[in-house]
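# Close look at the chain arrangement
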Amino acid sequence: MKILKRQFLAGICIGLFALVSARTAVAEEPAKYPSRPIHIIVGFTPGGGNDIIARLFGQKLSESLGQPVIIENKPGAGAILATDYVAKSAPDGYTLLIGASGAMVINPAVYTKLPYDPVRDLIPISELGSFPLILIVNAASPFKSVSELVAYAKQNPNKANYSSSSAAFQLATELFKQKTGAPMQMIPYKGANDSVVAVIAGEVTATIADAGSVWGQITGGQARALAVAAPKRMEELPDVATMKEAGADVDAVLWSGILAPKGTPSEIVRKLQDEFMQIAKLPEVVSRLKLLNIDSMGTSSDEFSQLIASDIARWTEIARIGNVKIEP
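Counting of residues starts from 1 at the beginning of each chain's written sequence and follows it residue by residue. At least 70 in pLDDT is required for a residue's local features to be given in this predicted model, at least 80 for side-chain atom pairs to be given and counted, and no such filter applies to totals for whole chains, interfaces and linings, which use all residues. The side-chain numbers reported here are obtained from all heavy atoms of the structure, hydrogens and water having been left aside.

### Looking at the pairing of strand β9 (residues 223–229)
Whether a residue is buried, partly exposed or exposed follows from its accessible area with a 1.4 Å probe, protein chains only, as a fraction of its type maximum: under 20%, in between, or over 50%, in that order. Runs of E in the DSSP output that reach at least two residues are strands. Runs of H or I that reach at least four are helices, and both are numbered from the N terminus. Across the 7 residues of β9, 7 count as buried, placing the element largely inside the fold. Paired strands, in this sense, are two strands between which DSSP finds at least two bridges. As paired elements, strand β5 (residues 133–138) and β9 share 6 bridges and run antiparallel to each other. Opposite Leu 135, over in β9, you have Ala 227 as the bridge partner.

### Overview of the packing of helix α4 (residues 101–110) against helix α11 (residues 301–322)
Between α4 and α11, the least distance of the axes is 8 Å, while the angle of their chain directions is 35°. α11 is crossed by α4, and the crossing has right-handed handedness. Residues Met 104, Val 105, Ile 106, Ala 109 and Val 110 of α4 form the contact with α11, whose participating residues are Ile 308, Asp 311, Ile 312, Trp 315, Thr 316 and Ala 319. The residue inventory of the contact of α4 with α11, partitioned by class, reads 9 nonpolar, 1 polar and 1 charged. Helix axes are fitted to C-alpha atoms over the stretch in contact, other axes to C-alpha atoms as well, and angles between N-to-C directions run from 0 to 180 degrees. Here is the rule for handedness: rotate from the far helix to the near one, and if that takes an anticlockwise turn smaller than a right angle the crossing is left-handed, while a clockwise turn gives right-handed. We call two residues in contact whenever any of their non-hydrogen atoms come within 4.5 Å of each other. The nonpolar class holds Ala, Val, Leu, Ile, Met, Phe, Trp, Tyr, Cys and Pro. Asp, Glu, Lys and Arg form the charged class, and all remaining residues, Gly among them, are polar.

### Comments concerning the sheet that holds strand β8 (residues 206–210)
The strands making up a sheet associate through hydrogen bonds between their backbones, and the pairing can be parallel or antiparallel. Taken together, 5 strands build an open sheet; the order of strands is β7-β6-β8-β5-β9 and the sheet is mixed. At either end of the open sheet lies a strand with only one pairing partner, and these are β7 (185–188) and β9. Averaged over neighbouring strand pairs, the angle between their axes works out to 30° when direction is ignored. Where strand β6 (residues 161–164) and β7 come together, 4 bridges link them in parallel fashion. Along β7, the bridge assignment pairs Ser 164 with Pro 188.

Have a look at this one:
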């Protein structure tokens, strides 16, 4: 019994020592951060907008901090896999997430169950880029304005439809329907490019998608942009009205930002916030993102937190009204 008691007490001492050591290590980490490579996780395949944002900012972050920044692509399930991975990672500043609005505010609005909670499990560091959505129709279609499209949909409720490849685009179109009363049916497609091609092929009436997906068809003359779902017109499309100017008060600006696991020391969050805010102002970064029709942002952690909270509330209400729910 004495031997067992001694072993038990020894085990407790070892455990307490390990706990104190771990806490000390975490406490010491901010002062020397970063001392090893930082990993930025992207929930999409290489080559897309979020991946490009990650690599652009990652390169500049590496140059500034003097440590390698490794971009890891973990695509799948609308970025749910990547988001959950980072949410469950060590809160030490070495595993960060490129969080797009789809995973951060749209998924919570439409999925009945998620393995992560964007507010509870993650700390917003900075919004990096934002991009409006554009409503397009086939260039050969008779619709020259939003009002003409809406009138057609109301007169032909069984014919009017739209293509969508993600919950973000679907909710944006649901908002459009709620604001205009246009009864359009959703036709799902696997990817944004497929969704746009469906418009060009005459399979669907219209679609709302990001500028990167529709830009080639607009500039190539295959698609007609009817309106931009943003508070102001795009510099690249000065003749295309905003939704509000076109009579539909639809604001559907999507964004991408950088986040860390909850529990990451505040000193590290502030350091990363300051770094990303500076990087977002670099002329090279601004110009390279502009080529993708993305506005470089670089907001504070508090500003990004407020954006996430307000967007979750807004999109959740839109999903409720439109009865949009996705079972995992």
